[in-house]
Amino acid sequence: MPDASLRSDLAAALPAALPVMLGYVAIGIPCGVMAAEVGLSPAVAFLVSVTFYSGAGQFMMASLALAGTPVASMVASVALVSTRQLLYSAALSRYAERAPRPLAALFAATVTDESFGVNMGRFVADESWTVRRATAVNVASMLSWAAANALGAAVGPALAIPTAIMSFAMTSIFVCLLVGQSWTRVNVVVVVASVAAVVALKALGAGSLAVLLGALLGVAAGLVAGALERGSRHEHR
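The paragraphs below set out a description of the structure included in this document. (Residues numbered from 1 in each chain as written. Predicted model: local features only at pLDDT ≥ 70, side-chain atom pairs only at ≥ 80, totals over all residues. Heavy atoms only, no water.)

1. Quick word on the pattern of salt bridges
So, point 1. The tally for this structure, following the rule as stated, stands at two salt bridges.
So, point 2. The partner of Asp 9 in a salt bridge is Arg 132, and the shortest N-O contact between them spans 2.7 Å. Note that Asp 9 is positioned in helix α1 (residues 4-37) and Arg 132 in helix α8 (residues 131-155), a separation of 123 residues in sequence.
So, point 3. Residue Asp 9 pairs with Arg 133 through a salt bridge whose shortest N-O separation is 2.9 Å. Of the two residues, Asp 9 is situated in helix α1 and Arg 133 in helix α8; the sequence distance between them amounts to 124 residues.
So, point 4. Asp 9 gets classed as buried once you look at its relative accessible area, which sits at 10%.
So, point 5. For Arg 133, a relative accessible area of 13% gives the class buried.
So, point 6. A single network of salt bridges, built from pairs that share partners, joins Asp 9, Arg 132 and Arg 133. (Salt bridge = Lys/Arg side-chain N within 4 Å of Asp/Glu carboxyl O. Helix = DSSP H or I, 4+ residues; strand = E, 2+ residues; numbered from the N terminus. Buried < 20%, exposed > 50% of the residue type's maximum accessible area, 1.4 Å probe, protein only.)

2. Considering the packing of aromatic side chains
So, point 1. In total, this model carries four aromatic pairs according to the counting rule given.
So, point 2. Judged by centre distance (4.4 Å) and plane angle (20°), the rings of Tyr 88 and Phe 116 are stacked. Of this pair, Tyr 88 sits in helix α5 (residues 85-92) while Phe 116 sits in helix α7 (residues 113-125), placing them 28 residues apart in sequence.
So, point 3. Assessed through its relative accessible area of 13%, Tyr 88 is described here as buried.
So, point 4. Plain terms: the ring middles of Tyr 95 and Phe 123 are 4.4 Å apart, the flat faces sit at 5° to each other, and that makes the pair stacked. You can see Tyr 95 sitting in the loop between α5 and α6 (101-109) and its partner Phe 123 sitting in helix α7, a full 28 residues away along the chain. (Phe/Tyr/Trp six-rings, centres within 6.5 Å; stacked < 30°, edge-to-face > 60°.)

Below, the structure is given as structure tokens:
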């Protein structure tokens, strides 16, 4: 029987994780279908999803494998896309400083784009939000993703889902998370700067680097806007 604190943490975490979990089902099934196309069984697809656990990376690996890309190139491409995790670690480290090491390690290992958005918003807005609750969001999201991948690998090519729909399903999660954010001046600056940077870099042919560089420029713009805002408040005191 789980203790009261665990039940309380799960009661707070699961509603927060639910939108991500539902989105992962929609995205994970086609990802599992692609995994089946490269020869992965449902059990292996599940295992990959809970160990590697990267939606963009798993889609990329399957696509590159189907295209006959050399393994070294696949590893380099996925590693480049995954460098955005460095930004998440930097942003979340302050909240995990006092957490037990095993819990902090599990929390860090299960962060994704979507769970980062959910947890970061809760850490900022809710003083009762803890690393335990954030980890529960991560793990619940991960299990829904892995289960959806296993299901997709089981049904295989029988589900002919167009790539455009799969891409929109992934984009829609970010749209939902963005709409749910608190629209402060700094947040607006970050969003506008990131979007403008990614669009401009894509137009210049930056390819997969556009997302990483756009995110870095958005963070930098947010830091500058935050510093200016704090300076303005200090002058008016």
